[in-house]
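# Overview (structure and organization)
The residues making up each chain are set out below.
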Amino acid sequence: MGHRVTLIPGDGIGPEVIDAAVRCIEATGVKISWEVVEAGEPALKRHGTPLPAEVLESIRRNGVALKGPITTPVGTGFRSVNVALRQKLDLYACVRPCKLYPGVRTRYTNVDLVVIRETTEDLYAGIEFEEGSEESRRLLEFLRSLGHQVREDSGISLKPISKFCSERIVRFAFEYARRNGRKKVTAVHKANIMKFSDGLFLSVAREVAKEYPDISFEDRIVDNMCMQLVQKPELYDVIVAPNIYGDLLSDLCAGLVGGLGMAPSCNIGQHAAVFEPTHGSAPKYAGLNRVNPTATILSGVMMLRHLGEVEAANLLERAVAKVIAEGRYVTYDLKPTPDDPTAVGTREMADAIIRELK
Ligand code: NAD
């Protein structure tokens, strides 16, 4: 019996990188029956909503999805489908491995870390008050009654951080470290300034850490963490952070290992797991067969491991590593300069990986 997996091609460069990943996954010989559903801009046009109920139903039914990036309009328009998916399916942990493969041109030699990000609360909880609205006027009045002066022409976004979600994500990070033979967990925060939100996250993290004496624990203030990661990323192993710092740090860490084209991810909860590249829909590259499919293919590797297809996952990861190490059939971002005329397209890089598999 094969596996049944929900497939969301997404928009922008999504359909291209998803096509490359699906072909590579199928070339491992693992039998998967894909249930294709639409979300984002294409779904808005066809169904009047960017996140139709059938998308959620399909993921709930199958428990596993592979997803392409989805554009979120900036400032106006519909709210992020990615955030909504995580919240509605309670995919509370986002796991983003950042591993440097030989052949990738960066200034680093040894990076192999994993960013684990909480994804249901913090500043991305979607609790926002528009400048000038009746709601924000009432909120400002309430704040004034508590002695807080906030300018009347303010827009406000709230940052809730709970004990429950902090404990859940930190425990997830320690369990992940144990399962994957990792040695250290670093909690990231800004508890010196935000004492009641980040401070709570940090105190919960310290408590949970006591239950895992076999794994070292430390904490870093987020600004210091950014500098440390740029200067000595080899010192870090598993990083656990509330939503917003995790989001920013995972792009920073993607930069350490060759850029967004190299960074896979998984959003995971109690009942479902959605695998997707860390990068977005990069609209200016859409339809050009230009971008690097590796992040999505490596998300497929993570998915195969999650499905218990460990041998196929290892095979596919080795094939990706070989093609990158050879440096011949790779996209522009993995060449010495972006205008290198020998760069191949998304499809051709996937073809080379499939040849390697065979
Ligand atoms: P982006 O990640 O789409 O692209 C930023 C830049 O990174 C690109 O211009 C390109 O230079 C590089 N890049 C990205 N993917 C690459 C790849 N596979 N190969 C080579 N280079 C690559 O970020 P953005 O431009 O800030 O966002 C575009 C849209 O994507 C926005 O609407 C944003 O909300 C959305 N987004 C979606 C997700 C998701 O679906 N999970 C994640 C992030 C951003």
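Residues numbered from 1 in each chain as written. Predicted model: local features only at pLDDT ≥ 70, side-chain atom pairs only at ≥ 80, totals over all residues. Heavy atoms only, no water.

### Let's talk about the site of the ligand
Note the following rule: Only heavy atoms are used to decide nearness, and a residue is near a molecule or strand if one of them lies within 4 Å of it. Pairs of N or O atoms within 3.5 Å make up the polar contacts considered here, provided that, within protein, one atom can donate a hydrogen while the other can accept it, and that residues adjacent in sequence are counted only when both atoms are side-chain atoms. For the accessible areas, the method is Shrake-Rupley and the probe is 1.4 Å, while residue cover comes only from the protein chains on display.
Neighbouring the ligand are 21 residues, the closest being Ile-70, Thr-72, Gly-280, Ala-282 and Asn-292. The separation between an oxygen atom of the ligand and a polar main-chain atom of Gly-280 is 2.7 Å. With the chains in place, 70% of the 810 Å² that the ligand exposes on its own is no longer accessible.

### Here we look at the nonpolar core
As a reminder of what qualifies: The criterion is simple. A nonpolar core is a set of buried Ala, Val, Leu, Ile, Met, Phe, Trp, Tyr and Cys residues joined through side-chain atoms within 4.5 Å. For each residue, the accessible area found with a 1.4 Å probe, counting protein chains only, is set against the maximum for its type, and the residue is called buried under 20%, exposed over 50%, and partly exposed in between.
The biggest cluster of nonpolar side chains holds 86 residues, and the ones touching the most others in it are Leu-66, Met-303 and Leu-316. In this structure, Ile-8, Ile-70, Ala-272 and Val-274 belong to the second largest nonpolar core, which totals 15 residues.

### Description of helix H1 (residues 14–27)
Structural remark: α-helix, 3.6 residues per turn; residues separated by three or four positions point the same way. We apply this condition: For helices the rule is a DSSP run of H or I covering at least 4 residues; for strands it is a run of E covering at least 2, with both sets numbered from the N terminus onward. Here the expected length of a helix is defined as 1.5 Å per residue gap, with one fewer gap than residues. We call two residues contacting when some pair of their heavy atoms lies within 4.5 Å.
Taking 1.5 Å per residue, 14 residues should reach 20 Å; H1 reaches 20 Å between its end C-alpha atoms and fits that length. Taken as a whole, H1 has its buried residues at Gly-14, Glu-16, Val-17, Ile-18, Ala-20, Ala-21, Val-22, Cys-24 and Ile-25. Considering only its buried residues, H1 is in contact with strand S1 (3–8), strand S2 (32–36), strand S3 (64–67), helix H10 (294–306), helix H11 (310–326) and helix H12 (346–357). One or two positions beyond H1, positive phi appears at Gly-29, with a value near 95 degrees.

### Description of the packing of aromatic side chains
We apply this condition: Here a pair means two rings of Phe, Tyr or Trp (six-membered ring of Trp) with centres within 6.5 Å. Their orientation is stacked below 30 degrees between planes, edge-to-face above 60, and tilted elsewhere. Criterion for a charge above a ring: Arg CZ or Lys NZ at most 6 Å from the ring centre, at most 35 degrees from the ring normal.
Within the structure shown, the criterion is met by four aromatic pairs. Between the aromatic rings of Tyr-92 and Phe-172, the centroid separation amounts to 6.0 Å while the plane-to-plane angle is 85 degrees, which identifies the pairing as edge-to-face. Linking Tyr-92 in the loop between helix H4 (81–88) and strand S4 (93–99) with Phe-172 in helix H6 (residues 163–179), this pair joins segments that are 80 residues apart in sequence. There is no split in this pair, since Tyr-92 and Phe-172 are both buried. With centroids separated by 5.7 Å and ring planes inclined at 25 degrees, the aromatic side chains of Tyr-285 and Tyr-332 adopt a geometry described as stacked. Pair noted here: Tyr-285 is in the loop between strand S12 (273–277) and H10 and Tyr-332 is in the loop between H11 and H12, with a separation of 47 residues, a long-range link. Using a relative accessible area of 16% as the deciding quantity, one classes Tyr-332 as buried. Lys-184 extends its terminal NZ or CZ atom over the ring of Tyr-236, reaching a point 5.0 Å from the ring centre.

### Some details on the state of the cysteines
Here, disulfide denotes a covalent bond that connects the sulfur atoms of two cysteines. Filter applied, for reference: Here, the term disulfide refers to a pair of cysteine sulfur atoms separated by no more than 2.5 Å.
Taken as a whole and assessed by the stated rule, the structure comprises zero disulfides. Cysteine Cys-253 remains unbridged, with the sulfur of Cys-98 as its closest cysteine sulfur at 4.9 Å. Overall, Cys-253 belongs to the buried group, its relative accessible area being 0%. With no disulfide partner, Cys-266 has as its closest neighbouring cysteine sulfur the one in Cys-94, 7.6 Å distant.

### Concerning the environment of Thr-346
By the secondary structure assignment, Thr-346 is in helix H12. Relative accessible area serves as the criterion here: at 1%, Thr-346 is assigned to the buried category. On a C-alpha basis, the gap between Thr-346 and Val-30 in space is 22 Å, while along the polypeptide they are 316 residues apart. Look past the residues within four positions of Thr-346 in its chain and what remains in contact with it is Glu-16, Val-17, Ala-20, Asn-289, Arg-290, Val-291, Pro-293 and Thr-331.

### Comments concerning the pattern of salt bridges
The condition is simple: The salt bridge definition used is simple: a Lys or Arg side-chain nitrogen within 4 Å of an Asp or Glu carboxyl oxygen.
On inspection of all chains with the given rule, the structure shows 28 salt bridges. One salt bridge in this structure joins Asp-247 and Arg-117, with 3.5 Å as the shortest N-O distance. Of the two residues, Asp-247 sits in helix H9 (residues 243–256) while Arg-117 sits in strand S5 (residues 112–118), which places them 130 residues apart along the sequence. Residues Lys-159 and Asp-122 are paired through a salt bridge, measuring 3.2 Å at the closest nitrogen-oxygen approach.

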